[in-house]
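# Structural description and commentary
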2 protein chains.
Amino acid sequence: MVTDDGEREERIAGGGLLHRRALLVAGAVSAGGWASGLGAATGARSPDSMRAPGAPLSGYGAPAPSAAKIQRLVPNLPFPGSGSARTPLELLEGTITPNGLHFERHHNGVPAIDPATHELLIHGLVRQPLLFRYEDLLRYPRESRILFLECSGNSGTIAAATPVQASAGQLNGLVSCAEWTGVRLSTLLDEAGLDPAARWVQAEGADAAGMTRSIPLSICLDDAMIALFQNGEPLRPQQGFPMRLLLPGIEGNASIKWLRRLKVMATPAFSREETSKYSDLLIDGRAELFSLRMGVKSVILAPSFGLDLAGPGLREISGLAWSGRGRIRRVEVSADGGASWAEAALGEPVLPKALTRFRIPWRWEGGVATLMSRAVDESGAEQPRRADWIAKYGPGQGYHSNAIQSWRIDGQGHVSHVYA
Amino acid sequence: MVTDDGEREERIAGGGLLHRRALLVAGAVSAGGWASGLGAATGARSPDSMRAPGAPLSGYGAPAPSAAKIQRLVPNLPFPGSGSARTPLELLEGTITPNGLHFERHHNGVPAIDPATHELLIHGLVRQPLLFRYEDLLRYPRESRILFLECSGNSGTIAAATPVQASAGQLNGLVSCAEWTGVRLSTLLDEAGLDPAARWVQAEGADAAGMTRSIPLSICLDDAMIALFQNGEPLRPQQGFPMRLLLPGIEGNASIKWLRRLKVMATPAFSREETSKYSDLLIDGRAELFSLRMGVKSVILAPSFGLDLAGPGLREISGLAWSGRGRIRRVEVSADGGASWAEAALGEPVLPKALTRFRIPWRWEGGVATLMSRAVDESGAEQPRRADWIAKYGPGQGYHSNAIQSWRIDGQGHVSHVYA
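What you see is a predicted model, and the numbers here were worked out from it, not measured in a lab.

Across its full length, chain A carries six helices and 25 strands. Its C-alpha radius of gyration of 24 Å places chain A within 12% of the 22 Å reference for a compact globule of 420 residues. Seen through its principal axes, chain A has C-alpha atoms that stretch 75 × 65 × 40 Å. Expressed as a percentage of its 420 residues, the buried residues of chain A come to 64%.

As structure tokens, this is what we get:
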């Protein structure tokens, strides 16, 4: 059923990329056929599942057995609680990450915290220090926002001399997206009363790493939240139960989990995690500190490494885009290694500081193709080419990698990671 | 710290309802104090969680131990797979329902289906019958939408002679909301080629109930979807794995799970599930058939039955609103049994045919109060009062209940379900 129907398909860039309109209008490409090998049929025997009652209702569901392989990617670690487990992005769809698959990144394991005894202290340059129990915070007005969270070290292997052959999730799965509900931090800081000298807030977690980060007060007074719920239910321990700081668009490490203390200060603390770590070594030997806001970025998930193409024909290229500066304005896709680009369709609603799904139809003729995506956000910032990103930083610097990535399809449909 | 500060609070309706602006502007009500019993503190001993490494990373997370009580409400049933398990709405936040807590309603249990052998047949009044394997459908272009799904029988106990004393989830938990990803049904019907006489589509599930429903073709060609993913991951068995029909805004029973067959027809099949069941007995003895679209509706979740108020003071009233006709335009809340109303704040983004969170600040002085909410959708349809809804239907009719509900707070803060 796969035939060429160039007139209706409206090719708009090299390598077989089609106008995104084809995704939206029924029939626009049906003469070309999305599927292959569909048979006509006049009826079908009732399956076994219709012959006996099924399983009972349940209190809390679980994934389908055949989806049990969809797991966070947990590496072998010398200290099994210190490291990161990545979201298997290429096996998921849409933009919301289910809570069980939201990436985790811990520095000394996941603490078990009793919400009845946990306390959050706000102190330092305030009129009145305040101590909040979990119960206290539950009385405050709440807001809900769909937001991405990305580890500063996500996609850091792009700095490697040769492209790491690994799945899109293994390379980029330190980003996830959820609906977070909590209390605006500005409400609590206002209640404590800020001293005129206040400029920074140091946040501390109740984990065995004693994780601390200094955050500009301007970010805390903007859209920062004390998150209490994720995708409807209370935070999970891996995400900071009973409460975490949540800084929209800011590197994940600063959204301190198991939050126990906010100290209002005049200057940053210059702790280990904001000097030795989580700072960006520049090409001239200096280091950029407090480069907190995540850049504009996109990754193609279908096709991607590990998801080889079974054969030529019409298919959808899709992936995710996001920016710490706000909404995604545009994502363009190339199938010829950057020689020509076509605009992808963006899934609605396009929300600020949230993942955005992009899709574009593509007819793969069976030849060699190099797929790339580049995103532009509403501030006008554009995702850099790898060479430009590399040129900015010193050797081994892997934080804040938002460079364009490339997948090469060979003549057999095998997908590999390449630098293009 | 709880003091009255009427000037800044701007009361806009009886019983202590405040302007919704107070939720959005830091400091607007802080002089009145959201919390009670907050102590000043100068420091705190490090908790035990900071003294030893925490738990390891994991492949698929689980809720916090203290949240283990947040479960779907499973009744005792003679056939444990035939019935419904409700979402505990009052224990959740935001608008997204985690997959483990999405309501289930089955007529003969949850079938175990192997996606490798499952097939979807499209036949009847079409140019060419088509048979799709799961693998085939995965090649088609996809779309993702955040949508509510509500059982036609949700909130049916509102027809009882006396108000049932039960939680908001037990009364109204046959509604949930998720990001669904799948293939537009119109794309598949277009590929099969519709006969000019086609007017209806009968959908059949592969469960042991052999569930079938007839759906107007106009709905199938509008925004209907063959859903394959829910909140990012493949559908769960309880939600129709490997594929279900998903009809935005339409009663849940018609979104046939474990979908195996779509028969295009000139007339409805008038099956049991669309004549004896899922039809609305009117007061004059006639029955309304194919009343498929869900009405505009809202429920208050905080406070609600089972969540008594600990004491007077400032708090947030919040709940959910939705409509099968599109977006929610407005939700109003009354604290005096409907004598006066105040407009609630709506959580952004307000999406069509999705749950919308509403919130309004409220100072409870400790007296008797009757809380109600009423929603208006973008079509102008308004949620009916219970008396008006009851007057339309015959005795015992409980489908499509979207009547206004009322919670009574007594002088001690105890919440009960009342008819007001």
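Don't stop here, the text continues.
Another point: the relation of the copies chain B and chain A. The transform that puts chain B on chain A rotates by 180° and translates by 0.0 Å along the axis, for an RMSD of 0.0 Å. In short, the pair behaves as if placed about a two-fold rotation axis. Closest approach to the rotation axis among the C-alpha atoms of chain B is made by Pro 98 of chain B, whose C-alpha sits 3.5 Å away. Of all interface residues in chain B, 100% are interface residues in chain A too; the two copies therefore contact each other through one and the same surface.

This brings us to the pattern of salt bridges. Any two side chains of opposite charge can pair, on the condition that their charged atoms come close. For the structure on display, the rule yields 46 salt bridges over all chains. For Arg 374 of chain A, the salt bridge identified is with Glu 332 of chain A, shortest N-O distance 2.9 Å. Of the two residues, Arg 374 of chain A is situated in strand β23 (residues 369-377) and Glu 332 of chain A in strand β19 (residues 328-334); the sequence distance between them amounts to 42 residues. Take Glu 332 of chain A: its relative accessible area is 16%, and that puts it in the buried class. For Asp 223 of chain B, the salt bridge is made with Lys 353 of chain B, and the minimal N-O distance between the two is 2.9 Å. Residue Asp 223 of chain B is located in the loop between α6 (217-221) and β11 (225-230), and its partner Lys 353 of chain B is located in the loop between β21 (345-346) and β22 (356-364); the two are separated by 130 residues in the primary sequence. Judged by its relative accessible area of 9%, Lys 353 of chain B falls in the buried class.

Bringing the sheet that holds strand β5 (residues 119-124) of chain B into the picture now. Within a sheet, each strand pairs with its neighbour through backbone hydrogen bonds, oriented either parallel or antiparallel. All names here are of chain B. Taken together, five strands build an open sheet; the order of strands is β6-β5-β14-β9-β10 and the sheet is mixed. Two strands bound the open sheet, and with one partner strand each, they are β6 (130-133) and β10 (212-216). Sheet twist, expressed as the average angle between the axes of neighbouring strands with direction ignored, equals 15°. Direction of pairing for strand β9 (residues 200-205) relative to strand β14 (residues 259-265): antiparallel, over a ladder of six bridges. The residue bridging Glu 204 from the neighbouring strand is Arg 261, located in β14. Of the strands in this sheet, β5, β6 and β14 touch helix α5 (residues 185-192), which is tilted by about 140° from β6.

We now examine the interface of chain B and chain A. In this complex, chain B contributes 111 residues to the contact, which on the side of chain A involves 111 residues. Around 8,600 Å² of area is buried between chain B and chain A when both sides are counted, 58% of it from carbon and sulfur atoms. Of all residues in chain B, Trp 34, Leu 57 and Arg 139 of chain B give up the largest surface area on contact with chain A, accounting jointly for 10% of the area buried on that side. Taken together, the links from chain B to chain A amount to two salt bridges. At the junction of chain B and chain A, the tally comes to 37 residue pairs in polar contact (both at pLDDT 80 or more).

Turning to the nonpolar core, a few remarks are in order. By size, the foremost hydrophobic cluster in this structure holds 84 residues, and its most contacted members are Leu 17 and Trp 362 of chain A together with Leu 17 and Trp 362 of chain B. The residues touching Leu 17 of chain A, leaving out its near neighbours within four places in the chain, are Arg 11, Ile 12, Ile 317, Val 333, Ser 334, Ala 335, Ala 342, Ile 360, Pro 361 and Trp 362 of chain A.

Time to look at the side chain of Asp 377 of chain A. All names here are of chain A. Take Asp 377: it is sitting in strand β23. Taking relative accessible area as the criterion, Asp 377 reaches 0% and is therefore assigned buried. Polar contacts involving the side chain of Asp 377 include one to the side chain of Ser 379, which spans 2.7 Å. Those residues in contact with Asp 377 that sit more than four places away from it in its chain are Val 296, Ser 323, Arg 325, Arg 327, Ile 328 and Arg 329.

So, about the state of the cysteines. The full count for this structure, using the stated rule, is zero disulfides over all chains. Not engaged in a disulfide, the cysteine Cys 177 of chain A finds its nearest cysteine sulfur in Cys 177 of chain B; these two sulfurs lie 14 Å apart. Of the cysteine sulfurs around Cys 151 of chain B, a residue in no disulfide, the closest is that of Cys 177 of chain B, at 16 Å.

Glancing now at the sheet that holds β19 of chain A. Residues and elements named next belong to chain A. Reading across from one edge, β20-β19-β23-β24-β25 is the order of the five strands in this open sheet, with antiparallel pairing throughout. One side of each edge strand has no neighbouring strand; the edge strands of this open sheet are β20 (342-343) and β25 (415-418). Examined bridge by bridge, β19 and β20 share two bridges and lie antiparallel to one another. From the neighbouring strand, Val 333 faces β20, where its bridge partner is Ala 342.

Residues and elements named next belong to chain A. Its location among the elements puts Gly 394 in the loop between α6 (386-392) and β24 (406-409). Spatially, the C-alpha atom of Gly 394 lies 20 Å from that of Glu 251, the residues being 143 residues apart in sequence. In this structure Gly 394 touches Leu 281, Leu 282 and Ile 283, once residues within four positions along its chain are discounted.

Turning to helix α4 (residues 185-192) of chain A, its buried residues number three or more, namely Leu 185, Ser 186, Thr 187, Leu 188, Leu 189, Glu 191 and Ala 192 of chain A. At the C-terminal side of α4 of chain A, Gly 193 of chain A shows a positive phi close to 85°.

Residue and element names in this part refer to chain B. Along the polypeptide, Gly 337 turns up in the loop between β19 (328-334) and β20 (342-343). Distance in space between the C-alpha atoms of Gly 337 and Thr 370 is 4.7 Å, their sequence separation being 33 residues. The residues contacting Gly 337, other than those within four sequence positions of it, are Thr 370, Met 372 and Arg 385.

A cis amide bond links Glu 348 of chain A to the next residue, Pro 349 of chain A, at an omega of -10°. With respect to the helices and strands, Pro 349 of chain A occurs in the loop between β21 (345-346) and β22 (356-364). Put simply, Ala 302 of chain B and Pro 303 of chain B share a cis peptide bond, and its omega is 0°. Among the secondary structure elements, Pro 303 of chain B is positioned in the loop between β17 (297-302) and β18 (313-322). With a phi close to 50°, Tyr 278 of chain A is a non-glycine residue in the positive phi region.

Our focus in this paragraph is the environment of Met 372 of chain B. Residues and elements named next belong to chain B. Mapped onto the secondary structure, Met 372 falls in strand β23 (residues 369-377). Spatially, the C-alpha atoms of Met 372 and Ser 406 are 4.8 Å apart, while their sequence positions differ by 34 residues. Setting aside anything within four residues of it in sequence, one finds Met 372 in contact with Ile 300, Glu 332, Val 333, Ser 334, Gly 337, Gly 338, Trp 341, Arg 385, Ile 404, Gln 405, Ser 406 and Ala 420.

What follows concerns the pairing of strand β8 (residues 175-184) of chain A. All names here are of chain A. The element β8 is largely enclosed, with a buried count of nine among its 10 residues. Relative to β8, strand β7 (residues 143-150) runs antiparallel, the two being bridged by eight bridges. Bridging across to β8, Leu 149 finds its partner in Ser 176. With five bridges joining them, β8 and strand β11 (residues 225-230) adopt antiparallel strand pairing. Across the sheet, the residue bridging to Val 183 is Ile 226, located in β11.

Under the defined criterion, the tally for this structure stands at 14 aromatic pairs over all chains. Both rings, one in Trp 200 of chain B and one in Phe 290 of chain B, keep their centres 4.8 Å apart while their planes meet at 55°; by these two values the pair is tilted. With a gap of 90 residues between them, Trp 200 of chain B in strand β9 and Phe 290 of chain B in the loop between β16 (287-288) and β17 connect regions that are remote in the sequence. According to the relative accessible area criterion, Trp 200 of chain B is buried, its value standing at 16%. By way of ring pairs, the aromatic residues Trp 200, Phe 270 and Phe 290 of chain A are connected into one cluster. The positively charged end of Arg 374 of chain A is found above the aromatic ring belonging to Trp 341 of chain A, 4.0 Å away from the centroid. One cation-aromatic arrangement involves Arg 386 of chain B over Tyr 419 of chain B; the distance from NZ or CZ to the ring centre is 3.4 Å.

All names here are of chain B. β14 sits mainly inside the fold: six of its seven residues count as buried. Relative to β14, β5 runs parallel, the two being bridged by four bridges. Bridging across to β14, Ile 122 finds its partner in Leu 262.

Quick notes on the rules
- Residues numbered from 1 in each chain as written.
- Chains lettered and ligands numbered in written order.
- Predicted model: local features only at pLDDT ≥ 70, side-chain atom pairs only at ≥ 80, totals over all residues.
- Heavy atoms only, no water.
- Helix = DSSP H or I, 4+ residues; strand = E, 2+ residues; numbered from the N terminus.
- Rg over C-alpha atoms; globule rule 2.2 N^0.38 Å.
- Buried < 20%, exposed > 50% of the residue type's maximum accessible area, 1.4 Å probe, protein only.
- Least-squares fit on C-alpha atoms with pLDDT ≥ 70 in both.
- Contact = heavy atoms within 4.5 Å.
- Salt bridge = Lys/Arg side-chain N within 4 Å of Asp/Glu carboxyl O.
- Pairing = 2+ DSSP bridges.
- Axes fitted to C-alpha atoms, helices over the stretch in contact; angles between N-to-C directions.
- Buried area = accessible area lost by both parts, 1.4 Å probe.
- Polar contact = N/O pair within 3.5 Å; in protein donor to acceptor, adjacent residues only side chain to side chain.
- Core = buried A, V, L, I, M, F, W, Y, C linked by side-chain atoms within 4.5 Å.
- Disulfide = S-S within 2.5 Å.
- Phe/Tyr/Trp six-rings, centres within 6.5 Å; stacked < 30°, edge-to-face > 60°.
- Lys NZ or Arg CZ within 6 Å of the ring centre and 35° of its normal.

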